[in-house]
Structures are given as C-alpha cells and as structure tokens.
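A structural walkthrough
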Amino acid sequence: MRRPKFDFFVRKINLYQADARVVAEHFAAWSNDFLSSVGGSSLRPVCQPADQIIPMLEPFVSSMWTRKVIAPIAGGWSAQFDNNYRGTDSSGVSVLCQKVGCRALRVTAVEHTLKKVGERQWVGKYGAMILQVFDAGVSRRTISAMNDGGRWDFYQSGEPFAFEDLRAYKNRRIRDRFTYEMMHRYLKELGVQPFDLGSYTCSEDEPFYIIDRNKPLPGQREVEYGGFRDEREFEDV
C-alpha cells in the first residue's frame with residue numbers, strides 16, 4: 001500500500017487565522033446545513049503526533065471529501081486538510097472565513113517538474129503558485145503564476161503587502177515572477193509556516209479536529225495510490 005507524504009498534501013492547503021476549535025465548529029455547523037439531505041457530518045477532537053495528520057485522513061476518496069482534519073499551527077493559525085485523493089478543496093475558504101470572522105489563505109504551491117522523456121512521453125507536474133488572501137470573506141490580495149496546460153500565466157489583484165517583491169513580478173520568465181521561495185517568504189511574513197511539519201502542534205488543550213461525513217456521496221469510492229511512483233511524495237506502508 002502506498003500513502004501520500006505530508007509534502008504532497010501541504011502543496012494545496014487552506015489556512016485560517018483562528019483557533020482550530022472555532023474553525024472546526026463553524027465548519028461542522030455549516031456542513032450540517034448543506035449536507036442535511038445526505039446525513040450531515042460529525043466532529044471529534046483527537047490528539048496525535050503531527051506526522052499522523054495524513055494517516056488520519058484515510059481512506060482517500062475519488063470525489064469531494066468524506067473526512068477533514070483541522071490542525072492548529074504555531075502562530076495562532078489553523079490548517080484544513082481533506083481526504084480527496086487530489087488534495088484539499090479550496091472552494092469554501094471565503095465562506096468559512098466569513099463565518100469565523102478571520103483572515104484566511106488559499107495556498108497552492110506546486111513546483112514545475114514537467115519534462116519530456118520521450119517523443120510523446122512527459123513526466124512531472126505543471127507548476128502553480130497561487131496565494132489568495134481573504135479578510136472575513138472578502139478577497140484582499142491574489143498572486144498567481146501557473147502553467148495552464150503548457151502556457152504560463154501571471155495574475156495579481158488587490159493592494160500589495162509591504163513585504164512583497166514587486167520587482168519580481170516584472171521578470172521576463174513568467175514562472176520566475178512568483179516562485180516557491182517567494183511563497184514561503186510571504187507566508188512567513190503573514191505569520192504562518194504550513195510547509196514545516198514542526199509548526200503543527202497538538203495537545204489536550206489544542207487537539208486536532210476530525211470532521212466526518214456521516215454518509216458517502218453516491219458513486220464515491222476509495223482510492224489507492226498504487227500507480228503513483230514519485231518517491232518524494234509517496235511512501236510504502
């Protein structure tokens with residue numbers, strides 16, 4: 001059996017500048033509203049080492065999610081992880097941070113590794129660096145440099161933060177306008193370091209929270225990662 005490593009799931013993550021319990025309770029109440037016709041959801045605290053975040057998500061599913069983990073991060077932030085096999089869904093970030101009344105970040109940090117290894121064979125991934133900042137549900141700032149099927153595009157909106165490297169946004173090569181190193185630095189300036197497993201804390205006073213759908217969606221199935229061979233992102237268990 002193969003399991004995705006922490007680095008695989010943290011490349012797409014939703015972050016909330018609020019207590020994990022508050023975030024989890026608001027999400028559970030909200031999900032009980034929109035999932036009422038399919039059985040709602042349940043919430044429970046757990047206290048495990050941080051390296052158990054990914055095992056706690058199992059089993060992974062083919063569509064949407066059946067389990068979420070809300071984990072506290074040093075600095076007063078909380079992270080949301082989903083058990084969709086493609087990674088965490090970002091569609092509800094603005095709604096949830098509006099309900100909580102906090103700042104939230106939608107983060108995608110996929111380094112560009114795509115390369116040609118044969119006449120018609122490619123390996124790796126299209127790159128995408130996306131940072132979107134919401135304040136109580138309102139979009140505050142968006143920065144994006146991504147490869148959309150072979151074409152690089154750069155986009156920004158909102159008022160830049162004082163710490164941003166505005167000169168980089170004029171780089172000739174689009175992928176250099178917003179890099180992984182810049183993302184890491186920007187997040188640190190915003191007060192959160194989600195790529196560092198050591199930033200995740202768990203105690204009896206500040207546990208992780210698991211939110212489970214009480215019933216799976218029709219057609220939803222469990223997914224195994226047997227065909228994924230990238231040793232940097234997957235491990236045998």
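Residues numbered from 1 in each chain as written. Predicted model: local features only at pLDDT ≥ 70, side-chain atom pairs only at ≥ 80, totals over all residues. Heavy atoms only, no water.

Glancing now at the overall build of the protein. For the protein, the helix and strand inventory stands at 5 helices and 13 strands. Nonlocal contacts in the protein, meaning residues at least 24 apart in sequence, comprise 65% of its contacts between residues at least 6 apart. Looking at the protein as shown, the accessible area adds up to about 12,200 Å², and 46% of this sits on carbon and sulfur atoms. (Helix = DSSP H or I, 4+ residues; strand = E, 2+ residues; numbered from the N terminus. Contact = heavy atoms within 4.5 Å. Areas by Shrake-Rupley, 256 points an atom, 1.4 Å probe, with all protein chains shown as cover.)

Evaluated as defined, the whole model comprises 12 aromatic pairs. When the centroid spacing of 6.2 Å and the interplanar angle of 50 degrees are considered together, the rings of Phe 6 and Phe 81 count as tilted. Residue Phe 6 is located in helix 1 (residues 6-10), and its partner Phe 81 is located in strand 5 (residues 77-82); the two are separated by 75 residues in the primary sequence. A single burial state applies to Phe 6 and to Phe 81, both of which are buried. With a centroid separation of 5.5 Å and an interplanar angle of 85 degrees, the aromatic rings of Phe 27 and Trp 30 are classed as edge-to-face. Taken as a pair, Phe 27 and Trp 30 lie in helix 2 (residues 20-34) at a separation of 3 residues, close to a single helical turn. Summarising the burial analysis for this pair, Phe 27 and Trp 30 share the class buried. (Phe/Tyr/Trp six-rings, centres within 6.5 Å; stacked < 30°, edge-to-face > 60°. Buried < 20%, exposed > 50% of the residue type's maximum accessible area, 1.4 Å probe, protein only.)

Next up on the list: the environment of Ala 128. Secondary-structure assignment places Ala 128 in strand 9 (residues 128-135). Taking the C-alpha atoms as reference points, Ala 128 and Thr 179, separated by 51 residues in sequence, lie 9.0 Å from one another. Those residues in contact with Ala 128, other than ones at most four positions away along the chain, are Thr 108, Ala 109, Val 110, Ala 145 and Met 146.

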